Amino acid sequence: MAPPSASAAKAVPSTNPRMPPPASAEDGRTHIIIVGAGIIGVCTAYYLTRHPQFSSKTHKITIIESTRPASGASGKAGGLLALWAFPSQLVPLSFKLHEELAEQYNGADEWAYRRLQTVSLEGNLSKTARVSKKQPIDIGLPEDLDWVRSDIIESWSSLSGKDSTAQVHPYKFTMFMLRRAQESGAVNLVLGKVLKLNYSSKGNAVESVVYAPVGSSAESSSPESKASSDGQSSTLKGDKIVVTVGPWTSRLLPTCPVSGLRAHSITVTPSRPVSAYALFTELKVAKGKYISPEIYARKDEVYICGEGDNYVEIPDTTDDVEVLKERCEELVKYAGIVSEELQGGRITRRQACYLPVVDVPSTSGPLIGPTNSQNLYVASGHSCWGINNAPGTGKIMAEILLEGEAKSADVSSLDPRRYFVSGPLPGE
């Protein structure tokens, strides 16, 4: 992923990995540890700090992130919001919260929130078809969708309007929400890779996390964080621990049925501004061969993503995600055929990320709530709708953590305990 713009870069919350980790339960406050500073973890922290039962005098939150906030799908996804997304238990709440946040914080300017139209396009990009069409064919595309070549489109349909579809810039949204959470004075961001969870002697509760601080020997005078004998890892005690690491969830919870699906994408600055549309396509590129890129026009760029793959195992961190040049160049090629404005535009990013997928036939996920282990919670498996469902997930997780149950939506069917049993593995 290319470096964020200057305005985005200066907004990165400050954290010094060489500083002692934050205080734990020993200071009398309830210590909530959130593993992962993607959009789900960040929204959980934000809504915790806004909950009536939360106070910096009685609670402390530590977010532990292995690389940088929003370094995975939370910074590289499309950012589409839709009332027709899934799951239905969560979407209405989250879509409404997105709208409320945008109104409260001027989301249009801060993270490019806006409503948009969504259409489905079927077309033929094969060379034979393009040569045979001497002149553009009027198939009735919307007048303002003038940046799509009508001569390669065979049919189209409207999927949704501005009443049910919107978008955000994921990276900007995640970073903004993190800053707002930290303004409470109760949220501390620590850069470090969580290595494992420590269970109680009976194995029925999680008591702490073991992590390797970034750029630090982990030596600390803090009584709550005890450096290991090799000086390369630290143990941080917590009263409640929330795992929000998306496709990396099974690395910490091996029995959790969440895996990763790699998705490649590019961003293009078009040769001229284009209208606000999200395009779902099915395009014939050769006999018997079709591609289905999704094309989202943002305020100042166009985001294009391809189909997912699971050819490569999930790497250790987001920094290690392999980006296949040929997959990105394929997106560049076909985007240029679909639109002259994209063909004449400037490619600004070629990137890939992993989407967290729940591997259970009976549910599409996500998994939200407590596990079988005391003090351990999961919010993961949001698939391609993580940005869409993040505010709703964060609000519900705050209710579960502070009130013991979800109040804003019925997410009982998403309870992690329905799909896996947590606990230490034999020998741990």
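Right above here is the structure, for reference.
Worth saying up front: this structure is predicted, and the values here are computed from it rather than measured. (Residues numbered from 1 in each chain as written. Predicted model: local features only at pLDDT ≥ 70, side-chain atom pairs only at ≥ 80, totals over all residues. Heavy atoms only, no water.)

1. What about the environment of Glu 301?
Piece 1. Relative to the helices and strands, Glu 301 resides in the loop between strand S16 (294–297) and strand S17 (302–305).
Piece 2. C-alpha separation for the pair Glu 301 and Thr 267, spaced 34 residues apart in sequence, amounts to 6.5 Å.
Piece 3. Apart from residues lying up to four places away in sequence, Glu 301 is in contact with His 169, Thr 267, Val 268, Pro 270, Tyr 296, Thr 348 and Arg 349.
Piece 4. A polar contact is formed between the side chain of Glu 301 and the side chain of Arg 298, at a distance of 2.6 Å. (Helix = DSSP H or I, 4+ residues; strand = E, 2+ residues; numbered from the N terminus. Contact = heavy atoms within 4.5 Å. Polar contact = N/O pair within 3.5 Å; in protein donor to acceptor, adjacent residues only side chain to side chain.)

2. Let's talk about the nonpolar core
Piece 1. Within the largest apolar cluster, 50 residues are counted, with the highest numbers of intra-cluster contacts made by Leu 48, Ile 61, Ile 63 and Trp 111.
Piece 2. Among the secondary structure elements, those contributing two or more residues to this core are strand S1 (30–35), helix H2 (39–50), strand S2 (59–65), helix H4 (91–105), helix H7 (170–182), strand S8 (187–199), strand S20 (376–380) and helix H11 (386–403). (Core = buried A, V, L, I, M, F, W, Y, C linked by side-chain atoms within 4.5 Å. Buried < 20%, exposed > 50% of the residue type's maximum accessible area, 1.4 Å probe, protein only.)

3. Topic: the pairing of strand S11 (residues 234–237)
Piece 1. The two faces of S11 differ: Ser 234 and Leu 236 on one face are buried, but Thr 235 and Lys 237 on the other face are not.
Piece 2. When strand S9 (residues 206–213) meets S11, the two strands line up antiparallel, connected through four bridges. Its bridge partner lying in S11, Val 210 is registered against Thr 235. (Pairing = 2+ DSSP bridges.)

4. Overview of the environment of Ala 181
Piece 1. Following the sequence through the fold, Ala 181 ends up in helix H7.
Piece 2. Owing to a relative accessible area of 0%, Ala 181 belongs among the buried residues under this scheme.
Piece 3. Residues Ala 181 and Ala 45, spaced 136 residues apart in sequence, show a C-alpha to C-alpha distance of 6.1 Å.
Piece 4. Those residues in contact with Ala 181 that sit more than four places away from it in its chain are Ala 45, Tyr 46, Thr 49, Arg 50 and Val 187.

5. Quick word on the pattern of salt bridges
Piece 1. Inspection of the entire model under this criterion finds 15 salt bridges.
Piece 2. With a closest N to O distance of 2.8 Å, Glu 403 and Lys 407 form a salt bridge.
Piece 3. Accessibility expressed as a relative area gives 29% for Glu 403, which makes it partly exposed.
Piece 4. Residue classification places Lys 407 among the partly exposed positions, given a relative accessible area of 48%. (Salt bridge = Lys/Arg side-chain N within 4 Å of Asp/Glu carboxyl O.)

6. Considerations on H2
Residues lying three or four places apart along an α-helix face the same way, a consequence of the helix completing one turn every 3.6 residues.
Piece 1. Here H2 is 12 residues long and its end C-alpha atoms lie 16 Å apart, about the 16 Å a rise of 1.5 Å per residue gives.
Piece 2. Of all 12 residues in H2, 11 are buried, a share of seventy percent or more.
Piece 3. Of the positions making up H2, those classed as buried are Ile 39, Ile 40, Gly 41, Val 42, Cys 43, Thr 44, Ala 45, Tyr 46, Tyr 47, Leu 48 and Thr 49. (Expected span 1.5 Å × (residues − 1).)

7. Focus: the pairing of strand S19 (residues 367–370)
Piece 1. Relative to S20, S19 runs antiparallel, the two sharing four bridges. Within S20, the residue paired with Leu 367 across the bridge is Ser 380.
Piece 2. Between S19 and S20, which pair antiparallel and follow one another directly, the connecting turn spans five residues, one of which, Asn 375, has a positive phi of 75°.

8. Observations concerning the packing of H2 against H11
Geometry of a packed helix pair, given as the angle between the helix axes and the separation of the axes.
Piece 1. The N-to-C vectors of H2 and H11 enclose an angle of 45°; their axes lie 7 Å apart at closest approach. By the angle class used here, H2 and H11 are oblique. Taken as a pair, H2 and H11 cross one another with a handedness that is right-handed. Residue-level inspection shows Ile 39, Ile 40, Cys 43, Thr 44, Tyr 47 and Leu 48 of H2 in contact with H11, the latter providing Gly 386, Ile 387, Ala 390, Pro 391, Thr 393, Gly 394, Lys 395, Met 397, Ala 398, Leu 401 and Leu 402.
Piece 2. The residue makeup of the contact of H2 with H11, split by class, is 12 nonpolar, four polar and one charged. (Axes fitted to C-alpha atoms, helices over the stretch in contact; angles between N-to-C directions. Parallel < 35°, antiparallel > 145°, perpendicular 65-115°, else oblique. Left-handed = near helix turned anticlockwise from the far one by under 90°. Nonpolar A, V, L, I, M, F, W, Y, C, P; charged D, E, K, R; others polar.)

9. Here's the deal with the side chain of Thr 118
Piece 1. Inspection of the secondary structure assignment puts Thr 118 in strand S5 (residues 117–124).
Piece 2. If we skip the residues at most four places from it in the chain, Thr 118 touches Trp 84, Ser 158, Leu 159, Ser 160, Thr 165, Ala 278 and Phe 280.

10. What to know about the packing of aromatic side chains
Piece 1. One pass over the structure, following the stated rule, counts 11 aromatic pairs.
Piece 2. Look at Phe 280 and Tyr 296: their rings are 6.2 Å apart centre to centre, the planes differ by 55°, and that puts the pair in the tilted class. Of the two residues, Phe 280 sits in strand S14 (residues 277–286) while Tyr 296 sits in strand S16, which places them 16 residues apart along the sequence.
Piece 3. Cluster of aromatic residues (ring-pair linked, three or more members): Tyr 46, Tyr 47, Tyr 105, Trp 111, Phe 173 and Phe 176. (Phe/Tyr/Trp six-rings, centres within 6.5 Å; stacked < 30°, edge-to-face > 60°.)

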